[in-house]
Structure formats: structure tokens, C-alpha cells
Amino acid sequence: CLPANQERLSGGRLSTVQFHPSAQVILTAGLDRCVSLFQVDGIKNPKIQSIYLEGFPIHKACFSADGEQVIATGTHHKMFYVYDMMGGSIIPVHQVRGMEERFVRDFEVSPDGSLMLLTGTSGYLHLLSMKTKELISTMKANGRCTASAFTPDSSKIYTYSKEGEVFIWDVKSRKCLHKFEDEGSLGGKCIAVSRNNQYVACGSTSGVVNLYTTEVCLREKNPKPVKAIMNLVTAATSVTFNPTTEILAVASKGADEAVKLV
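All chains use their own residue numbering, which begins from 1 and follows the written sequence. Only residues with pLDDT of at least 70 are given local features in this predicted model, and only at 80 or more are side-chain atom pairs given and counted; all residues enter the totals for whole chains, interfaces and linings. Hydrogen atoms and water are omitted, and side-chain values are computed over all heavy atoms in the structure.

1. Comments concerning the environment of V171
1) Next: Tracing the backbone shows V171 in the loop between β15 (165–170) and β16 (176–181).
2) Next: Measuring from C-alpha to C-alpha, the distance between V171 and K156 comes to 5.3 Å, with 15 residues separating the pair along the chain.
3) Next: In this analysis, two residues are considered to be in contact whenever any of their non-hydrogen atoms come within 4.5 Å of each other. Excluding anything up to four places from it in sequence, V171 contacts L115, L127, F150, S154, S155, K156 and I157. Secondary structure elements are defined from DSSP: runs of H or I of at least 4 residues count as helices, runs of E of at least 2 residues count as strands, and each element is numbered from the N terminus.

What follows is the structure in C-alpha cells.
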């Protein structure tokens, strides 16, 4: 296939590539301060549009669950941007009231589209309303949170700490339901929950990706992985399941072409 973004190759490293939740569209964003949208037909992949965010190298960009907005955070910024695709407007969110963070970088959007989870420093996790971008609640985990994932029904959140612990939160009560040790983890890097809620994958700094069943994660303090994937030799920086939970993609930024499909 042709490069998806061949009509506008990025001038800097891409930090995000994401498919639109319902349309044949792909989003790219990166350090060249640009968010671009392409119609993916596999033949020409025409560019729909690009938005340039002055002085704002993009750390992460993501579609909202309904695909009508794009949220973008910067590499060293307290603010973030919301691009309203329907109205064509770019809305800066300068400061979330009640949230004291020097930088806003990592975030997740809940599958039901109602919430946004911002990962703060020192284990703080901030839940925001997707509609108003206002703070609803703050949760606190031990250690430093490096990755988070919502369950498919948006009722729980899994957060992975730098110390290799996984915390499971109840979204409604904002309480920690359970925590477990990721086996053999020297440090948490990335986490994913499969769309059928059957599996949880935890990728660590050693490059090992542990695959667990969710029922074991909710029950045991030291669960045994169904499988330990040892194919990566540098830190696992990305794990994701395909929509039918038949394939797990694991990848590392630490080496060229370090992408494995399991």
C-alpha cells in the first residue's frame, strides 16, 4: 500500500497515527506541530486537511469516541487543543480548573465518549468531562503512572505504574478496586485491554509483554500470565489489540522495525 500520508509527509517525527472510529480516515500528528487528516482509499490517500498549531510540537493526538473532535497535547505545555471537525474551529484549553500540573501530555478517551483521563505526575490521574473539559475528580496511585486504559464498557480504568504495579479503578466511585504486580516487570511502559474485555496486555521496560485474562487480574495479587511475549529486546512502548481480539500488536520505539504481531 501507499504511505497513508503521502500527500503530506511530516516534517518531524510522527507521534500519533490513528484511524477514525467510523470513517475511512486516518489522522497523523507529530513534532512538526501539524495535525493532518487523510481519506484512506489505498490508491491515492488524498489529504482532507492539515491544521498547524503554532509553537506546539504534538505529543499525542486522538479522535473523540464519536469522531467529531480531535484532542492534541503538546510535549511541554500545560494547555491542550480541541479541534472541532464539524465546526472547523480550534479551541485552546488553557487551564483545567482545580488541576495543578506543569505539563499535560498523556491522556485516554473513554470508549463511551463521556470522559477523558489525564495522566498527571506523582501518580495523580485526572478525570475530565469530555463535553465541558472540566475536572470531575482526581485519583491517586502509588508511584508514577506511565500508562492507562479504559475497559470497553468504560466502567473501569487500568493504570500501570513505573514500579510495575497495575491499579484497577472503578470509574463511578473513583475507588481502587484491586491492584496486582505485573510478573517480572522492572517498570511499566504500556497497557491495553482487548475490546471483548477478555485480556489485558502489559508491556515493560525489559521488552517483555505479559498477557493476562481480565478475571485473573481482578482476583489475584500476583496473577500468572497466559503468555509472556519475549520477542522485543528493547522497551515495549506500544501494545494494542485488533478489534476482534485475535491479534496483539507489540512494538518498541527503541529499535527500527521492532513491531511484532502475535
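2. Thoughts on the pattern of salt bridges
1) Next: Within this document, salt bridges are pairs made up of a side-chain nitrogen of Lys or Arg and a carboxyl oxygen of Asp or Glu, the two lying within 4 Å of each other. Per the counting criterion, the structure on display carries 6 salt bridges.
2) Next: Close ionic contact of R219 with E215 constitutes a salt bridge, the shortest N to O distance being 3.9 Å. Taken together, the positions of R219 and E215, both in helix α1 (residues 214–219) and 4 residues apart, correspond to about one turn of that helix. The same class applies to R219 and to E215, which are both exposed. Between buried and exposed lies partly exposed: a residue is buried under 20% and exposed over 50% of the maximum accessible area for its type, with that area taken using a 1.4 Å probe on protein chains only.

3. Section: the packing of aromatic side chains
We describe a pair of aromatic rings using the distance from one ring centre to the other and the angle between the two ring planes.
1) Next: Pairing of aromatic side chains here covers Phe, Tyr and the six-membered ring of Trp, requires ring centres within 6.5 Å, and sorts the geometry by plane angle: under 30 degrees stacked, over 60 edge-to-face, intermediate tilted. Applying the stated criterion across every chain yields a total of 3 aromatic pairs.
2) Next: An angle of 90° between the planes, with centres 4.8 Å apart, marks the rings of F56 and Y81 as edge-to-face. Here Y81 lies in strand β7 (residues 80–84) and F56 lies in the loop between β4 (47–52) and β5 (58–63), a separation of 25 residues in the sequence. As far as burial versus exposure is concerned, F56 and Y81 are alike and both buried.
3) Next: When the ring of F167 is compared with that of W169, the centres are 6.3 Å apart and the planes differ by 25°; the resulting orientation is stacked.
4) Next: A relative accessible area of 3% places F167 in the buried class.
5) Next: Judged by relative accessible area, which is 4%, W169 ranks as buried.

4. Examining the UniProt feature "repeat: WD" (unreviewed entry) in the protein
1) Next: Here the UniProt feature "repeat: WD" (unreviewed entry) sits at residues 149–179.
2) Next: Along residues 149–179, the helical share is 0% and the strand share 58%, with 14 Å between the first and last C-alpha atoms. UniProt positions are given in the numbering used here, feature names are shortened, and annotations may be inferred rather than shown by experiment.

5. Overview of the sheet that holds β16
1) Next: A pair of strands is considered paired only if DSSP assigns at least 2 bridges between the two. An order of β13-β14-β15-β16 is seen for the 4 strands of this open sheet, with the pairing classed as antiparallel. The outermost strands of the open sheet, each flanked by one partner alone, are β13 (145–150) and β16. The average angle at which neighbouring strand axes cross in this sheet is 20°, direction not considered. A fitted line through C-alpha atoms represents every axis, and for helices the fit uses only the stretch in contact; the resulting angles, taken between N-to-C directions, go from 0 to 180 degrees.

6. Comments concerning empty space enclosed by the protein
1) Next: Definitions used for this entry: grid spacing 1 Å over protein atoms alone; cavity, a set of points where a 1.4 Å probe fits but cannot get out; pocket, an open set with protein on both sides within 12 Å along at least 5 of 7 lines; lining residue, one with an atom within 4 Å of a point. Grid points are joined across faces, edges and corners, and a volume is the space filled by probe spheres set on the points. Taken as a whole and judged by the stated rule, the model has 2 cavities of 30 Å³ or more.
2) Next: Counted as a void, the largest cavity has a volume near 40 Å³.
3) Next: Taken together, K78, F80, H94, Q95, V96, M99, E101 and V104 make up the full set of residues lining the largest cavity.
4) Next: Amino acids are sorted into nonpolar (Ala, Val, Leu, Ile, Met, Phe, Trp, Tyr, Cys and Pro), charged (Asp, Glu, Lys and Arg) and polar (every other residue, Gly among them). Looking at the lining of the largest cavity residue by residue, the classes come out as 4 nonpolar, 2 polar and 2 charged.
5) Next: What the second largest cavity holds in volume is close to 30 Å³.
6) Next: Of all the secondary structure elements, the ones that give two or more residues to the lining of the second largest cavity are β6 (69–74) and β7.
7) Next: By residue class, the composition of the lining of the second largest cavity is 7 nonpolar, no polar and no charged.

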